[in-house]
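# Observations on the model geometry
Listed here are the chains, written in short residue letters.
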Amino acid sequence: MPFSLDNLLVVGISSRALFDLEAEEAIFRTQGLEAYRKHQIEHENEILKLGAGFALVRALLRLNVLVHNQRFVEVVIMSRNSSETSMRIFNSIRHYDLDITRAVLSGGASLAPYLHAFNVSLFLSLHEDDVEAAINSGVASALLYQKPDNTLEEVDQIRIAFDGDAVIFSDESEKIFQEQGIEAFENHERENALKPLPEGPFARLLKALSYIQNNFKSADGRSAPIRTALVTARSSPAHERVIRTLRAWDVAIDETFFMGGVAKSQVLAAFKPHIFFDDQHAHCDRAAPLVQTGRVPLKSLRDAGLQLK
């Protein structure tokens with residue numbers, strides 16, 4: 001009977017996001033495919049250093065050992081490498097004892113068509129075109145920033161922080177802010193406080209994490225293996241619709257920060273997430289030196305200067 005990925009949190013991650021392949025990327029860009037191929041084959045027994053997404057992937061895979069004979073997470077390597085140049089990646093996976101057995105090696109072709117084939121819930125990459133194609137296909141996706149210099153100490157509890165509008169929720173309200181201003185936005189949110197916000201690209205991921213959390217109930221919640229946070233620039237009166245939306249989705253976020261325009265970076269440094277997802281360049285640029293950050297591209301308004309987050 002075929003193995004089913006239907007009831008699992010499936011994370012698709014590029015090899016360059018899992019491991020540090022920046023030197024190899026430079027060879028490919030400056031010397032071409034043949035030089036890259038030769039380099040990877042000659043060095044295939046040299047173990048790669050950790051990449052931007054490694055800590056998150058290792059933490060998520062640990063969920064699979066918490067309950068006997070039950071898996072919650074699958075990780076799929078999704079790479080534009082060919083099988084010929086992939087041995088170094090698999091050797092490094094084995095070296096770090098990562099429970100990863102599935103891979104898509106597209107030989108230079110786009111990865112987007114294979115996301116739904118593997119039921120991918122989250123796609124992480126350092127290639128912007130792949131991330132944009134993934135988000136346009138309806139898969140929660142983020143462009144990873146390089147690891148912060150002051151990498152936070154590893155913690156057993158998985159911590160994930162989300163921005164609100166255009167990430168967990170749609171960008172419907174954000175468009176009102178951009179086109180009509182803050183007063184129109186606040187009036188709209190007040191008038192629609194009882195109407196749940198439409199889902200954004202990361203709503204499905206948040207719900208999947210909430211489902212997993214429900215398998216590990218604890219008295220205070222603080223000892224649960226996953227802890228989530230919403231860090232949004234919204235403030236009163238726009239807070240009510242957010243709270244009621246999450247209630248309607250039957251999703252409980254562990255920590256919520258209505259920042260009211262205050263910079264998010266110090267709150268994120270205190271929360272210590274394995275990753276923070278936001279769609280704005282400015283917020284990501286400020287957060288990236290402190291915590292691992294992933295930027296969520298928008299299907300539209302990607303380069304807009306004023307966006308409410």
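For clarity, every value in this text was computed on a predicted model and none was experimentally measured.

### Observations regarding the overall build of the protein
- When helices and strands are tallied, the protein shows 12 helices and 10 strands.
- Taking 19 Å as the expected radius of gyration for a compact globule of 309 residues, we find that the protein reaches 20 Å, a close match to that expectation.
- Projecting the C-alpha coordinates of the protein onto the three principal axes gives extents of approximately 60 × 45 × 40 Å.
- Counting the 309 residues in the protein, one finds 51% classified as buried.
- Within the protein, residue pairs in contact and separated by at least 24 positions form 76% of the contacts whose partners lie at least 6 positions apart.
- For the protein, the exposed area adds up to about 14,300 Å²; of that, 50% sits on carbon and sulfur atoms.
- Considering the protein, the positive charge centre built from 33 side chains and the negative charge centre built from 41 side chains are found 3 Å apart.

### Re the packing of helix 2 (residues 22–31) against helix 3 (residues 33–42)
- The interhelical angle for the contact between helix 2 and helix 3, taken along N-to-C directions, is 150 degrees, at an axis separation of 7 Å. By the angle between their axes, helix 2 is roughly antiparallel relative to helix 3. Side by side, helix 2 and helix 3 meet where Glu24, Ile27, Phe28 and Gln31 of the first sit next to Leu33, Ala35, Tyr36, His39 and Gln40 of the second.
- Among the residues forming the contact of helix 2 with helix 3, the class breakdown is five nonpolar, three polar and one charged.

### Regarding the confidence of the model for the protein
- The pLDDT averaged across the protein works out to 89; a share of 92% of its residues lies at or above 70.
- Ranking the elements of the protein by mean pLDDT puts helix 7 (residues 172–180) last, at 80, and strand 4 (residues 122–125) first, at 98.
- Within the model, pLDDT remains below 50 along residues 300–309, and this stretch shows 34 contacts once partners closer than five positions in the same chain are excluded.

### Description of helix 2
- Those residues of helix 2 that sit buried are Glu24, Glu25 and Ile27. For helix 2, the arc enclosing every buried residue in end-on projection is 155 degrees, short of the 170-degree limit, so these residues lie on one face. Exposed residues on helix 2 whose side chains face more than 90 degrees from its buried face are Arg29 and Thr30.
- Gly32 lies just past helix 2 and shows a positive phi near 100 degrees.

### Some remarks on the environment of Glu183
- On the secondary structure map, Glu183 appears in helix 8 (residues 182–191).
- Taking the C-alpha atoms as reference, Glu183 lies 45 Å from Ser79; in sequence the two are 104 residues apart.

### Description of the nonpolar core
- If you look at the biggest cluster of nonpolar residues, it comprises 55 residues, and the most contacted ones within it are Leu18, Ile100, Leu124, Phe162, Phe202 and Phe277.
- Leave out the neighbours within four places in its chain, and Phe162 touches Val167, Ile168, Phe202, Leu205, Leu206, Leu209, Thr228, Ala229, Leu230, Val231, Phe276 and Phe277.
- Val76, Met78, Val104 and Val131 belong to the second largest nonpolar core, which has 15 residues in total.

### Looking at helix 8
- Of all the residues in helix 8, the buried ones are Phe185, His188 and Glu189. Taken down its axis, helix 8 places every buried residue within 95 degrees of arc, on the same side. Exposed residues pointing more than 90 degrees away from the buried face of helix 8 are listed as Glu183 and Glu191.
- Structurally, helix 8 contributes buried residues whose contacts are with helix 7 and helix 10 (239–248).

### Some remarks on the sheet that holds strand 2 (residues 73–79)
- Here 10 strands make up an open sheet; going across it, the order is 3-2-1-4-5-10-9-6-7-8 and the pairing mixed. The two strands at the open ends of the sheet, each matched to only one other strand, are strand 3 (102–105) and strand 8 (255–258). Direction aside, the axes of adjacent strands within the sheet are offset by 25 degrees on average.
- With three bridges joining them, strand 1 (residues 9–13) and strand 4 adopt parallel strand pairing. By the bridge assignment, Ile13 is partnered in strand 4 with Leu124.

### Digging into the pattern of salt bridges
- Inspection of every chain in the model, using the stated rule, returns 23 salt bridges.
- Here Arg80 ties to Asp130 by a salt bridge, and the two come within 2.5 Å at their closest N and O atoms. In this pair, Arg80 is assigned in the loop between strand 2 and helix 5 (87–95) and Asp130 in helix 6 (residues 128–136), connecting sequence segments 50 residues apart.
- As a salt-bridge pair, Asp254 and Arg227 come within 4.0 Å of each other at their nearest N and O atoms. Of this pair, Asp254 sits in the loop between helix 10 and strand 8 while Arg227 sits in strand 7 (residues 226–232), and the two are 27 residues apart along the sequence.
- Each of Asp165, Glu172, Glu189, Arg234 and Arg241 takes part in one network of salt bridges that share partners.

### Quick notes on the packing of helix 7 against helix 8
- Relative orientation of the contacting elements helix 7 and helix 8 amounts to 145 degrees, with a least axis distance of 7 Å. Two secondary-structure elements touch here, helix 7 through Glu172, Ser173, Ile176, Phe177 and Gln180 and helix 8 through Ile182, Ala184, Phe185, His188 and Glu189.
- Its residues assigned to classes, the contact of helix 7 with helix 8 shows five nonpolar, three polar and two charged.

### Focus: the pairing of strand 3
- With four bridges joining them, strand 2 and strand 3 adopt parallel strand pairing. Residue pairing across strands places Met78 opposite Val104, the latter belonging to strand 3.
- Following the backbone out of strand 2, through helix 5 and into the adjacent parallel strand 3, one traces a crossover that is right-handed.

Rules behind the numbers
Residues numbered from 1 in each chain as written. Predicted model: local features only at pLDDT ≥ 70, side-chain atom pairs only at ≥ 80, totals over all residues. Heavy atoms only, no water. Helix = DSSP H or I, 4+ residues; strand = E, 2+ residues; numbered from the N terminus. Rg over C-alpha atoms; globule rule 2.2 N^0.38 Å. Buried < 20%, exposed > 50% of the residue type's maximum accessible area, 1.4 Å probe, protein only. Contact = heavy atoms within 4.5 Å. Areas by Shrake-Rupley, 256 points an atom, 1.4 Å probe, with all protein chains shown as cover. Lys, Arg positive; Asp, Glu negative; His and termini not counted. Charge placed at Lys NZ, Arg CZ, Asp CG, Glu CD. Axes fitted to C-alpha atoms, helices over the stretch in contact; angles between N-to-C directions. Parallel < 35°, antiparallel > 145°, perpendicular 65-115°, else oblique. Nonpolar A, V, L, I, M, F, W, Y, C, P; charged D, E, K, R; others polar. pLDDT = per-residue confidence, 0-100. Arc of directions from axis to C-beta. Core = buried A, V, L, I, M, F, W, Y, C linked by side-chain atoms within 4.5 Å. Pairing = 2+ DSSP bridges. Salt bridge = Lys/Arg side-chain N within 4 Å of Asp/Glu carboxyl O. Right-handed = clockwise from strand over helix to strand, strands pointing away.

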